[in-house]
Amino acid sequence: MQHEKYEELIQYYFYNEIDEADKKLLEQHLISCPQCKTHFELFKKIFNSINENENNEFEDKLLFEARAELRGYLKAQKNKTSIIKVLTQAFSSFMVKPIGIAFGGAVVLLAGLFTGYLIFNEPAVNYSKEGLNFADYSKIQNINFLDADPDDGEIEFTYESVKPGRIKGNINDSRVREILTYAILNEKNPGTRLNSINVINASSQHKNDDELKNALISVAKYDNNPGVRREAIKSFNELSVDKEIKDALIYVLLNDTSAGIRIEAINSLMETSKKGIKLDESDLTTLKDKIQLDQNNYVRYQLRNIIKEY
Amino acid sequence: MHLTENELILKAQRGDDLAFEALIYRYDKMVLRLALKYTANPDDAKDIYQEVFIRVYKNLSGFQFKSEFSTWLFKITTNMCITYKRKQNRFNQITIDADDEASPVSQISGSEDLTPEVITEKAEFEVKINKALESLSPNQKMSFLLKHYEGYKIKEIAEIMNCKEGTIKKYLFDAVRKLQLKLVGSF
Ligand SMILES: [Zn+2]
């Protein structure tokens, strides 16, 4: 066999992908061939050096960023669909003569929404084919979808303005709750998102509303505003807690960059535990690992406390 | 919480996002590490990471359990790496420079009990290896990374890269030869 063949065998030897016969051949050859022995030593150095070259801290930080970016992207994708669903449900009961206006991205529709009331005030909306002024959104009503298919990311609907007046929606009205749920997820202004959470917590009929629960979970995990995330976590205590909420809290505890919110999540976990949603073995392992990793003393302290209770 | 991988895949296929996360978080560090090694650039690595998992998200419903999920995932990853076009404005970051504070190489952690000399030595070696890796063809480089950094068997690399085992052996042999040439005198 030629040296080149042995050079190849040296690789498989280190990869541990060599059969016994070849291994014997190689070992014998190395005794008598300085050239291949040099190759052997050189390859050994490359092989061992790379295996030692771990760079965990930097990779962990990068991984954290990459996960956050991916989450943001996927959340945006999801919302594209949920906006349409919620709006269709919320507005399907208003049906009036359509005025042909197309307009994509219904996000700001809820600008006029606060403290549990939908206010549609003042007449004379200036509408045009080009689009709407921001101030006009609060005057819109009578929405009628022409295209509610979200596949192309665009929807089309008609609207009409009305005489002065005010439409009140009771916070226990399922339609208003739906709109609020929508606002929690999509309203651009963090203050309005926060208000919406507060308002909806005042409703007596929301405790088993799955749509709302999912919205709050999503906000607790992904909202870019820490105040809104915190409010969502607190609001879990008003809901009928279940495993999904528990899992969301653990997620927040593991991923949130704000120590204050991680602590809020631990407090909530203690509450859910009191209400009978216990941590399982796998949760406890996760929390124990987190004690090793978390940078914040108080978070670690609280983690130890919660684990002690089990 | 103790779901098997297949259970997670099935749940994720039905639109369960928590299951999707749980599933990909089993492997995403490896994906990122591979992309980082391949591109030697953290931003590029994150781009690839993002593209890989968006593709996984969109195509998971079509996953038919004909191969391991991880093999499928690494197929996507290697493909993305090899076909990745670096963003124009990052062009000047291609080569990793030992003096470049921002490069991952200079951030080798001191969390183990390493003396400064050892850290420097290791960092220097990694710089050299990374430079040397630049001289490999995409396929040589990917084979080398999957073998030396991820520890895959040659047979598995062949499956991931859609080649015959013999082809992978050739890539690895040529890669090691090139690296040795570049690295001779570095030890
Ligand atoms: Zn020889």
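The shown structure was predicted, so the numbers you read here are calculated from the model rather than taken from an experiment.

## Re the overall build of chain A
Then, number 1: Looking only at helices and strands, chain A features twelve helices and four strands.
Then, number 2: The 310 residues of chain A split such that 48% are buried.

## Focus: the nonpolar core
Then, number 1: By size, the foremost hydrophobic cluster in this structure holds 76 residues, and its most contacted members are Phe-69 and Phe-144 of chain B.
Then, number 2: With near-sequence residues (within four places) excluded, Phe-144 of chain B lies in contact with Ile-46 and Ile-50 of chain A together with Leu-133, Leu-136, Tyr-149, Leu-172, Ala-175, Val-176 and Leu-179 of chain B.
Then, number 3: Core analysis: the second largest hydrophobic core is formed by 37 residues, Leu-185, Ile-197, Val-252 and Ile-261 of chain A among them.

## Concerning the coordination of the zinc ion
Note on metal geometry: ideal angles are 109.5 degrees for four donors arranged tetrahedrally and 90 or 180 degrees for six donors arranged octahedrally.
All names here are of chain A.
Then, number 1: Within the protein, His-3 (ND1), His-29 (NE2), Cys-33 (SG) and Cys-36 (SG) serve as the donor atoms for the zinc ion, at 2.0 to 2.4 Å.
Then, number 2: Taken together, the four donor atoms coordinating the zinc ion and their angles of 102 to 118° define a geometry best described as tetrahedral.
Then, number 3: Donor residues for the zinc ion sit on one chain with the sequence pattern H-x25-H-x3-C-x2-C. Taken as a pair, His-3 in helix H1 (residues 3–15) and Cys-36 in helix H3 (residues 34–52) lie far apart in primary sequence, 33 residues in all.
Then, number 4: For Cys-36, a relative accessible area of 2% corresponds to the buried category.

## Remarks on the interface of chain B and chain A
By a frequent convention, interface size equals the accessible area lost on bringing the separate parts together.
Then, number 1: Contacts between chain B and chain A engage 48 residues on the former and 46 residues on the latter.
Then, number 2: The interface formed by chain B and chain A includes eight salt bridges.
Then, number 3: Here Glu-65 of chain A makes a salt bridge to Lys-46 of chain B, at a shortest N to O gap of 2.7 Å.
Then, number 4: The tally of links from chain B across to chain A stands at twelve residue pairs in polar contact (both at pLDDT 80 or more).
Then, number 5: Looking at the side of chain B that touches chain A, the elements that each hand over two or more residues are helix H2 (17–24), helix H3 (28–39), helix H4 (42–59), helix H6 (116–134), helix H7 (138–148) and helix H9 (165–183) of chain B.
Then, number 6: Its residues assigned to classes, the side of chain B that touches chain A comprises 27 nonpolar, eight polar and 13 charged.

## Quick notes on the confidence of the model for chain A
Residue and element names in this part refer to chain A.
Then, number 1: For chain A, per-residue confidence averages 70 on the pLDDT scale, and 62% of positions sit at 70 or higher.
Then, number 2: For chain A, per-element mean pLDDT is lowest for strand E1 (residues 113–114), which scores 30, and highest for helix H2 (residues 20–32), which scores 95.
Then, number 3: Below a pLDDT of 50 lies the segment residues 91–169, which in the model reaches 144 contacts outside its immediate sequence neighbourhood of four places, other chains included.

## Some thoughts on helix H11 (residues 281–293) of chain A
Residues and elements named next belong to chain A.
Then, number 1: With 13 residues, H11 extends 19 Å from end C-alpha to end C-alpha; this agrees with the ideal 18 Å at 1.5 Å per step.
Then, number 2: Among all positions of H11, only Ser-282, Asp-283, Leu-284, Leu-287, Lys-290 and Ile-291 are buried.
Then, number 3: On the buried face of H11, the contacting elements are helix H9 (243–255), helix H10 (259–274) and helix H12 (297–308).
Then, number 4: Two or three places before Ser-282, at the opening of H11, Asp-280 has a side-chain oxygen 3.1 Å from that residue's backbone nitrogen.

## Regarding H9 of chain A
Residues and elements named next belong to chain A.
Then, number 1: End to end, H9 covers 18 Å across 13 residues, agreeing with the expected 18 Å (1.5 Å per residue, within 8%).
Then, number 2: Taken across its 13 residues, H9 has ten buried, putting it largely inside the fold.
Then, number 3: Within the sequence span of H9, burial applies to Ile-245, Lys-246, Asp-247, Ala-248, Leu-249, Ile-250, Tyr-251, Val-252, Leu-253 and Asn-255.
Then, number 4: The N-cap residue of H9 is Asp-242: its side-chain oxygen and the backbone nitrogen of Glu-244 are 3.2 Å apart.

## Quick notes on the packing of aromatic side chains
Then, number 1: This structure, assessed with the given rule, holds 18 aromatic pairs over all chains.
Then, number 2: Ring centres of Tyr-298 of chain A and Tyr-301 of chain A lie 6.0 Å apart, and the angle between their planes is 25°; this geometry places the pair in the stacked category. Placement of the pair is Tyr-298 of chain A and Tyr-301 of chain A together in helix H12, with a separation of three residues, close to one helical turn.
Then, number 3: Given the relative accessible area of 41%, Tyr-298 of chain A is considered partly exposed.
Then, number 4: Grouped by ring-pair contacts, the aromatic residues Tyr-13, Phe-14, Tyr-15, Phe-40, Phe-43 and Phe-47 of chain A constitute a single cluster.
Then, number 5: Positioned over the ring face of Tyr-251 of chain A is Lys-221 of chain A, at 4.4 Å from the centre of the ring.
Then, number 6: Lys-141 of chain B extends its terminal NZ or CZ atom over the ring of Tyr-38 of chain B, reaching a point 4.4 Å from the ring centre.

## Overview of the environment of Tyr-182 of chain A
Residue and element names in this part refer to chain A.
Then, number 1: Of note, Tyr-182 is situated in helix H5 (residues 174–186).
Then, number 2: A relative accessible area of 2% means that Tyr-182 is categorised as buried.
Then, number 3: For the pair Tyr-182 and Glu-211, spaced 29 residues apart in the sequence, the C-alpha separation amounts to 9.5 Å.

## A closer look at unusual backbone geometry
Then, number 1: Look at Asn-16 of chain A: it is not a glycine, yet its phi comes out positive at around 65°.
Then, number 2: If you trace the backbone, Asn-16 of chain A turns up in the loop between H1 and H2.
Then, number 3: With a phi close to 60°, Asn-162 of chain B is a non-glycine residue in the positive phi region.
Then, number 4: Mapped onto the elements, Asn-162 of chain B comes out in the loop between helix H8 (154–160) and H9.

## Overview of the confidence of the model for chain B
All names here are of chain B.
Then, number 1: Taken as a whole, chain B shows an average pLDDT of 81; of its residues, 79% reach a score of 70 or greater.
Then, number 2: Long-range and interchain partners of residues 91–113, a stretch whose pLDDT sits below 50, account for 37 contacts in this model, where long-range means more than four residues apart.
Then, number 3: Predicted as a complex, the structure gets a pTM of 0.51 and an ipTM equal to 0.78.

## Things to note about the packing of H4 of chain B against helix H5 (residues 69–83) of chain B
All names here are of chain B.
Then, number 1: Across the interface, H4 lies against H5 with an axial gap of 10 Å and an inter-helix angle of 135°. With respect to each other, H4 and H5 are oriented oblique. At the point where H4 passes H5, the crossing takes the right-handed sense. In this structure, H4 uses Ile-48, Glu-51, Val-52, Phe-53, Arg-55, Val-56 and Asn-59 to contact H5, whose residues at the interface are Phe-69, Trp-72, Leu-73, Ile-76, Thr-77, Met-80 and Cys-81.
Then, number 2: A per-class count over the contact of H4 with H5 returns ten nonpolar, two polar and two charged.

About the cut-offs
- Residues numbered from 1 in each chain as written.
- Chains lettered and ligands numbered in written order.
- Predicted model: local features only at pLDDT ≥ 70, side-chain atom pairs only at ≥ 80, totals over all residues.
- Heavy atoms only, no water.
- Helix = DSSP H or I, 4+ residues; strand = E, 2+ residues; numbered from the N terminus.
- Buried < 20%, exposed > 50% of the residue type's maximum accessible area, 1.4 Å probe, protein only.
- Core = buried A, V, L, I, M, F, W, Y, C linked by side-chain atoms within 4.5 Å.
- Contact = heavy atoms within 4.5 Å.
- Donors = N, O, S within 2.8 Å, 3.2 Å for Na, K, Ca; no water.
- Tetrahedral: all angles 85-135°; square planar, octahedral: opposite > 155°, others 65-115°.
- Salt bridge = Lys/Arg side-chain N within 4 Å of Asp/Glu carboxyl O.
- Polar contact = N/O pair within 3.5 Å; in protein donor to acceptor, adjacent residues only side chain to side chain.
- Nonpolar A, V, L, I, M, F, W, Y, C, P; charged D, E, K, R; others polar.
- pLDDT = per-residue confidence, 0-100.
- Expected span 1.5 Å × (residues − 1).
- Phe/Tyr/Trp six-rings, centres within 6.5 Å; stacked < 30°, edge-to-face > 60°.
- Lys NZ or Arg CZ within 6 Å of the ring centre and 35° of its normal.
- Axes fitted to C-alpha atoms, helices over the stretch in contact; angles between N-to-C directions.
- Parallel < 35°, antiparallel > 145°, perpendicular 65-115°, else oblique.
- Left-handed = near helix turned anticlockwise from the far one by under 90°.

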